[in-house]
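# Breakdown of the fold
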Amino acid sequence: MNRAVLEEFEQQYSRQAERLFFAPGRINVIGEHTDYNGGFVFPCAITNGTYAAAAGRNDRQLRLVSGNFLDKGVIALPLDDLSFQPEDDWANYPKGVFAVLAAEGYYPETGYDIYFSGNIPNGAGLSSSASIELATAVLLNECEGWGLSMKTLVQYAQQVENKYIGVQTGIMDQFAIGFGKDGHAMLLDCASLEYDYAPLPTKKYTILIMNTNKSRELAGSAYNERRAECEEALAEMQQHRPITGLCELSVEEWNQLSHEINNETVRKRARHVIYEHDRTKQAVEMLKAENYEAFGRLLNESHRSLKEDYEVTGLELDTLAETAQQQPGVIGARMTGAGFGGCAIAFVEHDQAEEAEKIIAAVYEKETGRKASFYKAAAGGGARELAGAGQK
Ligand code: GAF
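This section reports on the structure supplied with the text. What you are looking at is a predicted structure, and each value in this text was computed from that prediction instead of being measured.

## Topic: helix H6 (residues 221-237)
Here H6 contains 17 residues, and its C-alpha end-to-end distance of 24 Å stays within 8% of the 24 Å for a straight helix at 1.5 Å per residue. Those residues of H6 that fall on the buried side of the exposure criterion are Tyr223, Arg226, Cys230, Ala233, Leu234 and Met237. Along the axis of H6, the buried positions cluster into a sector of 105°, meaning they face one direction only. In H6, the exposed positions that point more than 90 degrees away from the buried face belong to Ser221, Glu225 and Ala235. Contact partners of the buried residues in H6: helix H7 (251-257) and helix H8 (264-288).

This is the structure we're talking about:
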């Protein structure tokens, strides 16, 4: 892959790349829609991701091409106007990184030629956008020698979503991508940003990613709507407890206070968040205790809660997750990421994975009229520079 990306750079720009970078995609094992409520999440970076080959320029031009969107051609921009433009499409993500960094006082004197190429399916809820953001942020930080920490880059990348793209996402995706570790998922406390890794049981189980192939619009209003509903629930709870995030309430406290929320929809959203936070902690404990059946049951409960209380699943995700849950060898299955389409994951015993996939594929096609795609997830390292550029 590295070599191909460098060659493609050369083809596009008729010059050699000087540096090569990579940022992974991610799956979330459990802890959904808890990050912007100050809760726990348990995501892992995957070995698929975005490559970015770059070479500096002598003028103030920024040129961007993506191997995934070759039809859009080379997008050439002056470094002095990095405003969001709908027609720049995918390029708004790397542009947003340049813009956010510049607003923070980090701007390059001269421009870049950058070639991106990703092997994460776009728009499938595996964080292709956060991946391109982190690839760009690490590239700029290294090429400019700014010495910013990974945590700072992660926070700037989240700002790209919040302030530039206009989606009020939490920090989970960027954090998982910045701090990924081979073979491990990360228990991240989104209130303190403290984290710890836990090994995934990949000796025993395949982590099957099941793509609905129903594209989702993260920027669509539904995500921001859920976030607003959580804020409404928080404001209500703050009349009774001095909290700054919904996840500061224990399940017991919630059960005592939930009746204070009159709006049933808002009450359901908060219930999901508070129970999901609790499930996430339990799931990691079960994993560490090698109690895989209990771990899997928590994944199934997470899906049910996202379906019934948070209402972000839909026919496609429900068919994949619920069909998977019924297959021999599957210990747990759930949607992953924001929802509204995208992917589900299942933990399935290695020797049963092939058969499970076959059945899930057939049921899915019959129920939805669509074809699902399947991939095996491997947990990999975080955003980084790769060797190889300038050595061809
Ligand atoms: C998306 C967001 F980007 C994350 O911050 C998180 O809220 C997730 O949806 C849901 O858990 O991936």
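That shown, we press on.
## Remarks on the site of the ligand
Contacts to the ligand come from Asn28, Glu32, His33, Asp35, Tyr36, Thr169, Gly170, Met172, Asp173, Gly337 and Ala338. Looking at side-chain class alone, the shell around the ligand contains three nonpolar, five polar and three charged residues.

## What to know about the pairing of strand S10 (residues 343-349)
Summarising burial for S10: six of the seven residues are buried, a large majority. Both strand S8 (residues 205-211) and S10 contribute to a ladder of seven bridges, which runs antiparallel. Pairing of Leu208 across the sheet is with Ala346, part of S10. For strand S9 (residues 330-336) and S10, the ladder comprises six bridges, and the chain directions are antiparallel. Opposite Gly332, over in S10, you have Phe347 as the bridge partner. Where S9 folds back onto S10 in an antiparallel hairpin, the turn is made up of six residues, including Gly337, whose phi is positive at roughly 90°.

What counts and what doesn't
Residues numbered from 1 in each chain as written. Predicted model: local features only at pLDDT ≥ 70, side-chain atom pairs only at ≥ 80, totals over all residues. Helix = DSSP H or I, 4+ residues; strand = E, 2+ residues; numbered from the N terminus. Expected span 1.5 Å × (residues − 1). Buried ≥ 20, exposed ≤ 12 C-beta atoms within 10 Å, placed from the backbone. Arc of directions from axis to C-beta. Contact = placed C-beta atoms within 7 Å. Near = placed C-beta within 6 Å. Nonpolar A, V, L, I, M, F, W, Y, C, P; charged D, E, K, R; others polar. Pairing = 2+ DSSP bridges.

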